[in-house]
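One-letter residues, chain by chain:
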Amino acid sequence: ISLSCIEKMKSILIFVALVALVASATAFSPFGKFRDPHSYGQLNPNETPAKYEIGWHETKLDHFDFKENGTFRMRYLYSWEFFENSAETPGPIFVYTGNEGSIETFWNNSGYWTNVLAPKYGALLLFPEHRYFGESLPFGKDSLKGDNIKYLS
């Protein structure tokens, strides 16, 4: 393995660790008290999830094999509804990395992100869908057949 490949892998691992740290921190309320894990992300009965738009990103099929040039369309949900951006105070971007399922399910069950944190901090919301789940299928209905599964990570 080349040195540049190892450096890229280190960067990816650091990024994943940071995302995990941020995700675990959302289990705590702003006042430092542990939230009930059964209420995490749930909206009050009279609340509805924030509205989102759907986008598509053309991405590499394999990020580690530089000879593989295949691509596929990966779906993501986003919302500018609460984003506050100016030269003095640029707004944050909150990214929720997709789980193993359709990304709409996670949007609709992440009320703490979409209805509490985003409005409070004026954030842009971005929810990319995990490859091979929802509509982000590299080989369409044949994505889970035969050798096509090798890109599931």
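Residues numbered from 1 in each chain as written. Predicted model: local features only at pLDDT ≥ 70, side-chain atom pairs only at ≥ 80, totals over all residues. Heavy atoms only, no water.

Topic: the sheet that holds strand β4 (residues 124–128)
Backbone-to-backbone hydrogen bonds pair the strands of a sheet. The strands run either parallel or antiparallel. For clarity, the threshold we go by: Pairing between two strands is assigned when DSSP locates at least 2 bridges connecting them. Secondary structure elements are defined from DSSP: runs of H or I of at least 4 residues count as helices, runs of E of at least 2 residues count as strands, and each element is numbered from the N terminus. Angles here are taken between N-to-C directions and fall from 0 to 180 degrees, while the axes themselves are lines fitted to C-alpha atoms, restricted in helices to the stretch in contact.
The strand order β1-β2-β4-β3 describes an open sheet built from 4 strands, whose pairing is mixed. Two strands bound the open sheet, and with one partner strand each, they are β1 (53–60) and β3 (93–95). For this sheet the average axis-to-axis angle between neighbouring strands, irrespective of direction, equals 30°. Note that strand β2 (residues 71–79) and β4 share 4 bridges and pair antiparallel. Bridge assignment links Tyr78 to a residue of β4, and that residue is Leu126.

A short note on a nonpolar patch on the surface
Put simply, the rule is: Patches draw on residues past 30% relative accessible area with no salt bridge. Two like charges within 9 Å are joined, as are two nonpolar side chains (Val, Leu, Ile, Met, Phe, Trp, Tyr) within 5 Å. All accessible areas in this document rest on Shrake-Rupley with a 1.4 Å probe, and a residue is counted as covered only by the protein chains that are shown. By definition, a salt bridge exists where a carboxyl oxygen of Asp or Glu is found within 4 Å of a side-chain nitrogen of Lys or Arg.
Side chains of Tyr52, Ile54 and Trp56 sit close together on the surface and give an oily, nonpolar patch of about 260 Å² of accessible area. Checked against the element boundaries, Ile54 lands in strand β1.

Structural notes on the packing of aromatic side chains
As a reminder, the rule being used: Aromatic pairs are defined between Phe, Tyr and Trp rings, using the six-membered ring for Trp, whenever the two ring centres lie within 6.5 Å; interplanar angles under 30 degrees are classed as stacked, those over 60 as edge-to-face, and all others as tilted. Burial classes: relative accessible area under 20% of the type maximum marks a residue as buried, over 50% as exposed, and values in between as partly exposed (1.4 Å probe, protein chains only).
The final tally for this structure, using the stated rule, is 11 aromatic pairs. When the ring of Phe94 is compared with that of Trp113, the centres are 6.2 Å apart and the planes differ by 85°; the resulting orientation is edge-to-face. Of this pair, Phe94 sits in strand β3 while Trp113 sits in helix α3 (residues 111–121); the two residues are 19 residues apart in sequence, bridging distant segments of the chain. By relative accessible area, which is 7% here, Trp113 ends up buried. Each member of the aromatic cluster is reached from another via a ring pair, and the members are Tyr52, Phe94, Tyr96, Phe106, Trp107, Trp113, Tyr121 and Phe127.

Description of the confidence of the model for the chain
Note the cut-off: Predictor confidence is given residue by residue as pLDDT, running from a minimum of 0 to a maximum of 100. Contacts are assigned to residue pairs with any non-hydrogen atoms lying within 4.5 Å of each other.
For the chain, the mean per-residue pLDDT works out to 78, and 71% of the residues sit at or above 70. With pLDDT under 50 throughout, residues 25–40 is counted as low confidence; its partners more than four residues away or in other chains account for 19 contacts.

Remarks on the pattern of salt bridges
Oppositely charged side chains can form a pair if their charged atoms are brought close together. By the definition in use, this model includes 5 salt bridges. Measuring nitrogen to oxygen at the nearest pair gives 2.5 Å for the salt bridge that ties Glu129 to Arg75. One end of the pair, Glu129, is in the segment after β4; the other, Arg75, is in strand β2, with 54 residues separating them in the sequence. Since its relative accessible area comes to 1%, Arg75 is described here as buried. Of the charged contacts, one joins Arg75 and Glu135 as a salt bridge, the two residues approaching to 3.4 Å between their closest N and O atoms.

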